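Okay, here's what each chain looks like letter by letter:
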Protein chains: 2
Amino acid sequence: MKIVYKIWLDNKGKAFGEGPYELLKRVQETNSLHRAAHQMGMSYSKAWQLIRIMEERLGFTLLSRKVGGVSGGGSRVTPEAMHLMKRYGQFERDTGKAIERIYRKHFGRP
Amino acid sequence: MKIVYKIWLDNKGKAFGEGPYELLKRVQETNSLHRAAHQMGMSYSKAWQLIRIMEERLGFTLLSRKVGGVSGGGSRVTPEAMHLMKRYGQFERDTGKAIERIYRKHFGRP
């Protein structure tokens, strides 16, 4: 037996969670929504749609896009998105630890 | 913005969570899986199927059934199920409080 949970920020629908967090982390590493989506086995159009929906629900821009140029364009995570990612990452770690602790308290060793 | 979460005990699939907990509480109150399911807008066959799957994953019986008789039969929550419900209820309250506290810590007031 184990404990499983899903947790997300919500503003009239899912606004941010583990999947989007992973996606943005990969955009940071690759500077490309294309590559980030590919790494997660997600189509580019689905990733792009996800980003748009989150931006609408969060009320700020997550990615700035460069079109064309020598490097062939790419995506950058905005400062607002970086701030959100930092807080979300800490939130996720803290909740994970707390849930495991409370689970052990009531149900013994996991 | 708010935080939303789903949490459940898992043993090769969902073994127990908020929905089953609610269902068993209503069986305790009504002594009837029929009435409990009806109160939750669930068909009797769906509720019965849910109970069977949980019993298999948990490894013990949740309901004892009386068939017929003067009172027309009914369902009783087993002592093992009562013990689980007690622990799960405490677990749920503790996690709810912890998640709200951690959310406020990282994202300000909910």
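Refer to the structure printed above.
Residues numbered from 1 in each chain as written. Chains lettered and ligands numbered in written order. Predicted model: local features only at pLDDT ≥ 70, side-chain atom pairs only at ≥ 80, totals over all residues. Heavy atoms only, no water.

### A few points about the side chain of S75 of chain A
So, point 1. Mapped onto the elements of the fold, S75 of chain A is located in strand β4 (residues 74-77).
So, point 2. Filtering out sequence-adjacent residues up to four positions away, S75 of chain A remains in contact with V27, N31, S32, L33, L63, S64 and R65 of chain A. (Helix = DSSP H or I, 4+ residues; strand = E, 2+ residues; numbered from the N terminus. Contact = heavy atoms within 4.5 Å.)

### A closer look at the pairing of strand β4 (residues 74-77) of chain B
Residues and elements named next belong to chain B.
So, point 1. Burial of the side chains of β4 is restricted to one face: S75 and V77 are buried, whereas none of G74 and R76 on the reverse face is.
So, point 2. Relative to β4, strand β3 (residues 63-66) runs antiparallel, the two sharing four bridges. Counted as the bridge partner of R65 is S75 from β4. (Buried < 20%, exposed > 50% of the residue type's maximum accessible area, 1.4 Å probe, protein only. Pairing = 2+ DSSP bridges.)

### Some thoughts on the sheet that holds strand β2 (residues 14-17) of chain B
So, point 1. Read from one edge of the open sheet, four strands run β2(A)-β1(A)-β1(B)-β2(B), paired in antiparallel fashion. Every other strand in the sheet has two partners, leaving β2 (14-17) of chain A together with β2 of chain B as the edge strands with one partner each. Geometrically, the sheet is characterised by an average inter-axis angle of 40° between neighbouring strands, direction not taken into account.
So, point 2. Along the sheet, helix α4 (residues 79-107) of chain B contacts β1 (2-10) of chain A together with β1 (2-10) and β2 of chain B; its crossing angle with β1 of chain B, the most-contacted strand, is approximately 150°. (Axes fitted to C-alpha atoms, helices over the stretch in contact; angles between N-to-C directions.)

### Some thoughts on the packing of helix α4 (residues 79-107) of chain A against α4 of chain B
So, point 1. Between α4 of chain A and α4 of chain B, the shortest axis-to-axis distance is 9 Å and the interhelical angle comes to 160°. Classed by the angle they form, the pair α4 of chain A and α4 of chain B counts as roughly antiparallel. The two elements α4 of chain A and α4 of chain B cross, and the hand of that crossing is right-handed.
So, point 2. Classifying every residue of the contact of α4 of chain A with α4 of chain B by side-chain character gives 16 nonpolar, six polar and eight charged. (Parallel < 35°, antiparallel > 145°, perpendicular 65-115°, else oblique. Left-handed = near helix turned anticlockwise from the far one by under 90°. Nonpolar A, V, L, I, M, F, W, Y, C, P; charged D, E, K, R; others polar.)

### Observations regarding the packing of aromatic side chains
So, point 1. By the definition in use, this model includes twelve aromatic pairs over all chains.
So, point 2. Geometrically, the ring pair formed by Y103 of chain A and F91 of chain B is edge-to-face, given 6.2 Å between the ring centres and 75° between the ring planes. Taken together, the residues Y103 of chain A in helix α4 and F91 of chain B in helix α4 connect one chain to another.
So, point 3. A relative accessible area of 3% places Y103 of chain A in the buried class.
So, point 4. Look at Y21 of chain B and Y88 of chain B: their rings are 5.4 Å apart centre to centre, the planes differ by 50°, and that puts the pair in the tilted class. Taken together, the residues span a long stretch of sequence, with Y21 of chain B in helix α1 (residues 18-30) and Y88 of chain B in helix α4 at a distance of 67 residues. (Phe/Tyr/Trp six-rings, centres within 6.5 Å; stacked < 30°, edge-to-face > 60°.)

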